[in-house]
Amino acid sequence: MELPRIGGAVPVSRDVEKSRRYPSRPILGVGALIIDNGRILLVERGREPLKGWWSLPGGVLEAGERLEEALRREVREETGLEIEILRLLEVFERIMLDDAGVPEYHYVLMDYLCRPAGGDLCAADDASCVAWVDEVGLKDLKITEGTPAVIVRAFECIRMPEVG
């Protein structure tokens, strides 16, 4: 499936990437399930880990930053959008082992259901592209582990707000 692409990623310092590999403890991150008119906003990762895979916009908390502040900042940095946060939807753990079985990456991700509230859509920071995708189009994308299931849950919550 060919998606309309909005490009324009900005290179990110290699020091940030190095500091996240082989962490001494899990890294806390946030993700946004931004749904509008039956579509979800996804970003194509522009750097490792999982460069070229589609995922939710989001990223890592900074020291002293509250969860929802981090989510708004990360979404704005990656997509140019402002969001309204509706609720925490899921907590997900992503552990990626190297060839020797050692945790190369370990994230605890808090995914929030959101809707757009302004801004101009563009790919930036570590996103190489952004696209609105409907439920049918999801099957044609290379999407990060665990993401399709939480997307299905988000669509269910939008259709029936009492679910979840």
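This report concerns the structure included in the present document.

Basis of the calculations
Residues numbered from 1 in each chain as written. Predicted model: local features only at pLDDT ≥ 70, side-chain atom pairs only at ≥ 80, totals over all residues. Heavy atoms only, no water. Helix = DSSP H or I, 4+ residues; strand = E, 2+ residues; numbered from the N terminus. Contact = heavy atoms within 4.5 Å. Areas by Shrake-Rupley, 256 points an atom, 1.4 Å probe, with all protein chains shown as cover. Pairing = 2+ DSSP bridges. Expected span 1.5 Å × (residues − 1). Buried < 20%, exposed > 50% of the residue type's maximum accessible area, 1.4 Å probe, protein only. Arc of directions from axis to C-beta. 1 Å grid on protein atoms, 1.4 Å probe; cavity = no way out; pocket = protein on both sides within 12 Å on 5 of 7 lines; lining within 4 Å. Points joined across faces, edges and corners; volume = space filled by probe spheres on them. Nonpolar A, V, L, I, M, F, W, Y, C, P; charged D, E, K, R; others polar.

### Topic: the overall build of the protein
Across its full length, the protein holds three helices and eight strands. Shown N-terminal to C-terminal, the secondary structure of the protein runs as helices and strands in the order β-α-β-β-β-β-α-β-β-β-α. Across the protein, every contact between residues at least 6 apart in sequence was considered, and the portion connecting residues at least 24 apart equals 74%. Accessible area of the protein: about 8600 Å², with a carbon and sulfur share of 51%.

### Describing the pairing of strand β6 (residues 81-97)
Looking at chain direction, β6 and strand β7 (residues 103-119) are connected through 15 bridges and run antiparallel. Across the sheet, isoleucine 83 pairs through a bridge with proline 116, a residue of β7. Taken together, β6 and the strand that follows it, β7, pair antiparallel across an intervening segment of five residues, in which glycine 101 is found at a positive phi of about 85°.

### Some remarks on unusual backbone geometry
For tyrosine 22, which is not glycine, the phi dihedral falls at a positive 50°. Assignment of secondary structure puts tyrosine 22 in the loop between α1 (14-20) and β2 (27-36).

### Regarding helix α2 (residues 67-79)
Here α2 contains 13 residues, and its C-alpha end-to-end distance of 18 Å stays within 8% of the 18 Å for a straight helix at 1.5 Å per residue. Of the positions making up α2, those classed as buried are Ala70, Leu71, Arg73, Glu74, Val75, Glu78 and Thr79. One or two positions beyond α2, positive phi appears at glycine 80, with a value near 80°.

### A closer look at helix α3 (residues 147-159)
Taking 1.5 Å per residue as the helical rise, α3 with its 13 residues ought to reach 18 Å, and the 19 Å between its terminal C-alpha atoms agrees with that figure. Listed as buried for α3 are Thr147, Val150, Ile151, Ala154, Phe155 and Cys157. The buried residues of α3 occupy one face: seen down the axis, they fall within an arc of 160°. α3 presents Ala149 and Arg159 as exposed residues on the side facing more than 90 degrees away from its buried surface. Contacts from the buried residues of α3 go to β2, β3 (39-45), β4 (54-55), β6, β7 and β8 (127-134).

### Description of the side chain of threonine 147
With respect to the helices, strands and loops of the structure, threonine 147 is situated in helix α3. On the basis of relative accessible area, threonine 147 is assigned to the buried category, the value being 5%. Non-local contacts of threonine 147, meaning those with residues more than four positions away in its chain, are made with Ser55, Leu56 and Arg94.

### Remarks on the layout of surface pockets
Reported here for the largest pocket is a volume of approximately 550 Å³. Lining the largest pocket are 35 residues, with Arg45, Gly58, Gly59, Val60 and Leu109 positioned closest to its centre. When contributions to the lining of the largest pocket are tallied by element, the ones reaching two or more residues are α1, β2, β5 (58-60), α2, β6, β7 and α3. Here the residues of the lining of the largest pocket are counted per class, giving 13 nonpolar, seven polar and 15 charged.

The values are spatial; any link to function lies outside them.
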